[in-house]
Amino acid sequence: MRTFLFLIATVFFSFSALCQKSTTFKPGEIWPDNKGVHINAHGGGILFHNGKYFWFGEHKVEGKKGNQAWVGVHCYSSGNLTDWTDEGIAFSVSNDPESEITAGCVIERPKVIYNKKTGKFVMWFHLELKGQGYKAAKTGVAVADNPTGPYNFLKAVNPNAGVWPVNYNGELISKKFPENLKDWSDEWIQAVKDGLFVHRDFEKGQMARDMSLYIDDDGKAYHIHASEENLTLHIAELTDDYTGFTGKYIRVLPTGHNEAPALFKYNNKYFMITSGCTGWAPNAARLLVSGSVMGNWEYIENPCVGTDKELTFHAQSTYILPVEGKKNAFIFMADRWNPENAIDGRYIWLPVQFNEMGNPYLEWIDEWKLSIFDKK
Ligand code: DGJ
C-alpha cells in the first residue's frame, strides 16, 4: 500500500512539475505544453491576434522518420510565449486518396496571417504530393474563421504562372538556353542566374518550397519561398484577401541557394535570415538586407556569433517573431531537426540582438527571459 501511495505521489508531483508555469526560454530542451507533452509544431510560425499568440507548425508522429504529414498542422496558444496551451490540429490532412493533401503528402513550414478586410485567417504551407518526393514544389492555402481553425483547404499552386519577375532583365525574356548544360558548370550557373528555371517553369508556375509570409506596414502580404530548384528565393505579392498571387514577384540572390526564409523589419530596413541547402543537416545562417520587401536584397554575413555559429547552433531558421508591447524586440525561431524521430525535433528560440552597425546578430543563451529586451 505504502509503495502504491508513493508511486501515485511521484506521478502526481512529476506531472505538476511539468505543468508548472515557466517564464524562461530554454533553447534545445524539451518544451512541455499545458498537458506536459513536448510541443509538436515544427517548422512553425506565429500569429498574434487579440492579445494572444498562436503557434502553428508541422505535427510529427512518434517513431516516424522524415517529413510526411500523417495528421496535419498543430496549433498552440499562449499569452506570454513561454506557456503554451494545446489547441489541437488546426488543419487536417485528408482521408481521400485523390486529394492533394491526402495523408502521406508533405506539409511543411505552415504560416498563418489574419486578413482584416475579409476577417479570415489564412494559412499557407509548402506542399509536396504523396509519393512524389519534393518534385511538385507547390504552396497550399487554407482559410478559417477562427485562429485555431479548422482551416479549409482552398488550393495548391505553383505560383505566378505566365508572368516574369519584376526585377528580370527584359532582354532575357526571349533568351534561348543551350540544352544539356552540365550542372554546376560555369555555363550552367550563368544560365540559372539568367533565369533557366524561370523559363522552364514559366507556363506551369514557379517552384515554391521552404516558405514564409510577411505583412508589410501598408497591409500588403508577401509569400517568400525557395524557388528555381532551391537556388533562388522568390518574394511574391499576395492578393488583397491573401489567398492568391497578384503576379508581382522578384528573384532574390539567383544561385544563392537559400532556404528557410524568415523576414522582419527593424529601423526602416528589412532583414531576412535564411539557411543554406543541406537537407536536415544544419549549416551557417545567412543575413540579407533590403530597403523594401520587393527591393534589392543583399547578403551581409552569417548573423550567428560564438560557438557553433557555423551550424546556426545546430538549427535552421523558421520565423522571426516581433514581441508585442516591446520595442525592437524580436525572437529568432529555429528548428533543431531530428530526422530519425521527427517528433523529437527541438526548438531554438533566441533573442535577436543588434550590433553597433544596426545589424542583427544571434548568440547562444542557455536560458533567457523576455526581460532581456528591456536591458538596452
Ligand atoms: C530542409 C528544409 O528547410 C526543411 O523544411 C525540410 O524540407 C528538409 N530540408 C527536408 O530535407
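The notes below deal with the structure included here. (Residues numbered from 1 in each chain as written. Predicted model: local features only at pLDDT ≥ 70, side-chain atom pairs only at ≥ 80, totals over all residues. Heavy atoms only, no water.)

1. Remarks on the sheet that holds strand β16 (residues 286–290)
And step 1. The strand order across the open sheet built from 4 strands is β14-β15-β16-β17, with neighbouring strands paired in antiparallel fashion. A strand with exactly one partner marks an edge of an open sheet, and here the two such strands are β14 (259–266) and β17 (298–301). When the angles between neighbouring strand axes are averaged without regard to direction, this sheet yields 30°.
And step 2. Bridge count between β14 and strand β15 (residues 269–275): 6 bridges; the pairing is antiparallel. Across the sheet, the residue bridging to Tyr266 is Lys269, located in β15. (Pairing = 2+ DSSP bridges. Helix = DSSP H or I, 4+ residues; strand = E, 2+ residues; numbered from the N terminus. Axes fitted to C-alpha atoms, helices over the stretch in contact; angles between N-to-C directions.)

2. Some points on helix α2 (residues 186–193)
Each α-helix winds once per 3.6 residues, and so residues spaced three or four apart point in a common direction.
And step 1. Listed in full, the buried residues belonging to α2 are Trp188, Ala191 and Val192. Around the axis of α2, the buried residues are gathered within 100° of arc, so they sit on the same side. In α2, the exposed residues that point more than 90 degrees away from the buried face are Asp186 and Glu187.
And step 2. Contacts made by the buried residues of α2 are with α3 (196–200) and β13 (245–252).
And step 3. In the segment just after α2, Gly195 is the residue with positive phi, at about 105°. (Buried < 20%, exposed > 50% of the residue type's maximum accessible area, 1.4 Å probe, protein only. Arc of directions from axis to C-beta. Contact = heavy atoms within 4.5 Å.)

The quantities given are spatial measurements derived from coordinates; they are silent on function.
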